[in-house]
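This is what each chain is made of:
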Amino acid sequence: MNGFWFTLQHERLHIMPVLHERLEFAEAVRLALEEIRPQIVAVELPASLESHVLRAVQRLPQVSVLLYESSRGEPLYLPICPADPLVEALRWAMEHGCTACCVDVDIDSPMLWHEKLPDSYAAFRLGHREFYQAVVAHGLQELHPWDRLREQGMALRLQRLLGQGGQVFFVCGMAHAQRILEDLRSKLPEPMDRVQRKGVQLFHLHPDSMVEIMTEPPLFHTIYEMRRKGLPPEPQDNALEPPSSAQGRLRLLHGGASMMQDRARACWNAAQWCARRCHRDLQESPAAGAGLRELLEDDGPQPPAHAHKLPMDRQKLLWRWLQRAARMYRYRTGESLQPWQVHGLMRFSRNYALLEGRLLPDFFQWVASAKACVDEDFAYEVWELGRTYPWQGENSTDLPTTRIRGEDLWLGMRRLRIRPRVPRKKRPQAFPVRQRKKETHPGQWAEALDGEALCSYPPEDLLVERFGGYLRQKGVRLLSEERSRVEPFTSSLLDGIDLRETLRNWHEGRIYVRETRRVRGGVGAVVVIFDPDEDGRKYPYCMTWYGEHEQESDMAFYATPLGLKMVGPGISRCEYGGFVMSYPPRRMGDIWKDPVYQVLGSKPEVLLMAALDYTLEPYVVYVAARPPRFWFHTLAARMGLKIVYLPLGQFSSATLKRLRGFHVLSGRDKRLIAKDYILGV
């Protein structure tokens with residue numbers, strides 16, 4: 001615990017160097033104050049604003065903004081947020097009956113230059129002392145005359161506070177700490193600064209402005225506020241219980257206010273859940289992170305009772321944030337995050353953060369990564385949860401409310417447009433139409449599903465066949481590109497100029513040409529694995545179908561149970577876990593009953609083995625999130641074949657979603673009525 005915070009000491013004075021408005025240093029201030037328990041707390045804020053600042057701190061957790069003007073008429077803003085180290089110091093002093101004071105000199109000019117400092121998360125990993133020493137060793141900003149004026153003024157006021165007796169705790173920026181410590185040993189002049197400032201206004205900040213002007217996401221402030229005096233209770237997740245259709249219509253008639261309350265309650269529960277599980281156990285290795293499987297699970301580990309006394313881990317907090325957003329996304333859309341999507345999101349956000357000199361992504365990068373690697377619905381859930389701050393209403397009883405845009409404070413704002421899907425509203429029917437038939441009693445449609453003469457729905461067969469044809473062409477094209485040859489132009493253009501290679505070697509002043517070598521043979525079988533079904537329980541329905549004409553392939557697949565979801569009489573909707581297609585048709589046996597395949601460990605391996613057995617061409621395309629075992633490549637080589645692996649993430653999620661759903665009809669007579677019950681094909 002002691003390694004997490006660090007102070008410079010002079011007699012009875014503790015100076016804590018911090019980075020302003022950063023979560024890690026607010027945690028360090030909180031933990032240090034709980035251990036040192038000083039009688040006087042001072043911060044690096046202008047003394048002329050002290051009364052207004054203390055009033056804003058007293059309003060916490062409601063966020064306030066101080067607005068005043070410089071002598072040149074420039075508007076100056078000072079937000080008062082919970083997870084700010086200076087604010088936390090003043091707040092702790094006021095709650096414990098200590099003297100809280102601001103000792104900075106009012107220089108009447110904003111400090112608008114941006115210092116190039118490392119990511120504050122490094123302080124959590126390295127330790128507060130090592131972080132400070134590294135920052136000092138590499139140099140800070142160029143010293144400005146106003147800085148010296150401020151530092152000498154703060155040192156003088158600290159000398160006077162030391163004269164009052166008791167322990168003094170001072171929080172200031174890292175750029176000033178060492179020089180203030182040295183100034184304390186000398187006799188200092190009285191600073192010529194503004195003692196009192198007029199025209200200072202205090203406003204209640206509108207919740208829509210919080211995302212734009214707060215350095216940390218509002219969710220981090222919420223979690224910090226929840227953990228200040230102990231862990232929040234374990235939330236009851238009943239807010240995510242889906243309402244019935246009748247209840248939903250009634251709630252819409254009332255303007256949807258209750259639905260908004262449900263969303264707010266869900267975000268509150270998610271924040272509570274994250275607040276209980278975002279600490280780092282000191283017994284845990286710093287390199288150990290939560291596993292990907294844990295991230296996709298609904299439940300997380302139960303925290304120890306003293307977890308609020310352990311520092312918050314920003315990386316673990318991001319993981320918990322993602323975990324709850326995924327749960328809300330599943331509830332809103334019915335779709336689940338796949339491991340490859342999460343893997344891509346993590347890698348994308350890491351690289352995005354590194355490009356901007358950070359160790360972990362900020363709020364904008366985190367939402368942009370969710371949009372790029374999953375979809376806009378998930379990005380909306382991440383953004384909605386990230387902007388959660390339940391104590392900030394649109395209006396306040398004691399202060400006027402103000403809206404502040406990001407452009408009012410800093411330049412270079414970034415915008416991200418998120419367009420979540422809106423449930424389609426049915427248009428009113430202007431003339432009577434025949435309504436879809438419904439079951440007269442529960443289970444009526446299932447009675448027509450006798451399991452005999454099962455067949456497919458032809459429009460869906462066309463869809464799958466087209467995708468199979470596309471994969472065959474893509475596999476051949478990929479092999480052809482692998483075997484192509486690029487060389488400098490000498491006497492023949494071969495198959496054309498390779499512009500990419502020519503531009504890459506532009507400094508050589510030569511033209512490169514490409515020779516494309518055709519692949520002998522083609523792709524005879526295609527295997528697509530949507531879900532490997534590792535526990536073997538999600539997709540128990542296994543079937544082999546034969547092509548009904550010369551243009552259709554044989555197919556074997558495993559899917560969700562037959563009859564689980566009936567959409568019409570004798571019409572069951574299922575979902576593929578994976579399938580294999582082999583052309584030409586009417587050659588494939590029932591692979592699920594073949595004893596030769598029983599030794600294989602999983603259903604995807606059975607499909608791949610069948611593809612190798614029944615292909616008449618030398619190549620097999622295998623599409624899955626993970627490549628097959630190396631043993632299959634060796635076996636294919638001995639059989640004179642080759643497996644072409646294509647990652648599942650290459651394909652559009654919308655296309656994969658359309659392919660996965662299919663319908664099983666109980667007899668060909670059901671094809672005549674199926675169009676009345678199956679939509680969207």
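Cut-offs applied
Residues numbered from 1 in each chain as written. Predicted model: local features only at pLDDT ≥ 70, side-chain atom pairs only at ≥ 80, totals over all residues. Heavy atoms only, no water. Helix = DSSP H or I, 4+ residues; strand = E, 2+ residues; numbered from the N terminus. Expected span 1.5 Å × (residues − 1). Buried < 20%, exposed > 50% of the residue type's maximum accessible area, 1.4 Å probe, protein only. Contact = heavy atoms within 4.5 Å. Pairing = 2+ DSSP bridges. Axes fitted to C-alpha atoms, helices over the stretch in contact; angles between N-to-C directions. Phe/Tyr/Trp six-rings, centres within 6.5 Å; stacked < 30°, edge-to-face > 60°. Core = buried A, V, L, I, M, F, W, Y, C linked by side-chain atoms within 4.5 Å. Salt bridge = Lys/Arg side-chain N within 4 Å of Asp/Glu carboxyl O. pLDDT = per-residue confidence, 0-100.

### Section: helix α6 (residues 145-162)
Relative to the 26 Å expected for 18 residues at 1.5 Å per residue, α6 spans 26 Å between its end C-alpha atoms, a close match to the ideal helical length. Among the residues of α6, those classed as buried are D147, R150, E151, G153, M154, A155, L156, R157, L158, L161 and L162. Residues of α6 that are buried in the fold lie against β1 (8-10), β2 (13-18), β3 (40-46), β6 (99-104), β7 (168-173) and α7 (174-183).

### Comments concerning helix α1 (residues 23-36)
In this model, α1 (14 residues) spans 20 Å end to end at C-alpha, consistent with the 20 Å of a helix rising 1.5 Å per residue. Most of α1 sits out of view: twelve of its 14 residues are buried. Listing the buried residues of α1 in full gives L23, E24, F25, A26, E27, A28, V29, R30, L31, A32, L33 and I36. Looking one or two residues beyond α1, the residue adopting positive phi is R37, at roughly 55 degrees.

### Describing the sheet that holds β1
If you walk across this open sheet you meet the five strands as β1-β2-β7-β3-β6, and the pairing is mixed. Sheet topology places β1 and β6 at the edges, where each strand pairs with a single neighbour. Ignoring which end each strand starts from, the neighbouring axes of this sheet average 25 degrees apart. Sheet analysis places β3 next to β7, joined by four bridges and oriented parallel.

### Description of the packing of aromatic side chains
Going through the model one piece at a time under the given rule, you end up with 27 aromatic pairs. Ring centres of F25 and F131 lie 5.9 Å apart, and the angle between their planes is 55 degrees; this geometry places the pair in the tilted category. Taken as a pair, F25 in helix α1 and F131 in helix α5 (residues 128-137) lie far apart in primary sequence, 106 residues in all. Like F131, F25 is buried. Ring pairs connect the aromatic residues F530, Y541, W545, F557, Y576, F579 and F662, which therefore count as one cluster.

### Focus on unusual backbone geometry
Here the bond from L60 into P61 is cis, since omega is 15 degrees, no more than 30 degrees from zero. The residue P61 is located in the loop between α2 (50-59) and β4 (64-69) in this model. With an omega dihedral of 5 degrees, the bond running from Y583 to P584 counts as a cis peptide bond. For P584, the position within the fold is in the loop between β17 (571-582) and α20 (603-614). Positioned with a positive phi, L494 is a non-glycine residue whose angle comes to about 50 degrees. Looking at where L494 falls in the secondary structure, it is placed in the loop between β11 (485-488) and α19 (499-504). By relative accessible area, L494 is classed as partly exposed at 33%.

### Description of the nonpolar core
The biggest cluster of nonpolar side chains holds 110 residues, and the ones touching the most others in it are I15, F170 and F378. Each residue touching F170, except ones within four places of it in the same chain, is listed here: L13, H14, I15, M16, A42, V43, E44, V103, M154, L158 and I180. Listed in part, the 41 residues of the second largest apolar core include V464, Y541, V623 and L648.

### Considerations on the pattern of salt bridges
Where side chains of opposite charge bring their charged atoms close, a pairing between them can arise. Taken as a whole and judged by the stated rule, the model has 38 salt bridges. Counted as one network, the salt bridges with shared partners bring together E88, R91, E95, E225, R228 and K229.

### Remarks on the confidence of the model for the chain
On average, residues of the chain score 84 in pLDDT, and 87% of them reach the 70 mark or higher. Across the chain, the secondary-structure element scoring lowest on mean pLDDT is helix α10 (residues 245-253), at 45, and the one scoring highest is strand β18 (residues 619-624), at 95. The low-confidence segment residues 241-256, where pLDDT is below 50, has nine contacts with residues more than four positions distant or belonging to other chains. Contacts of residues 285-290 to residues separated by more than four positions or lying in other chains number three contacts, the stretch itself having pLDDT below 50.

### Regarding the environment of I15
Considering the arrangement of structural elements, one finds I15 in strand β2. The exposure class assigned to I15 is buried, which follows from its relative accessible area of 0%. Taking C-alpha positions, I15 is 9.0 Å from Q178, a pair spaced 163 residues apart along the chain. Those residues in contact with I15 that lie beyond four places of it in its chain are F6, T7, L8, F170, C172, A177, I180, L181 and L184.

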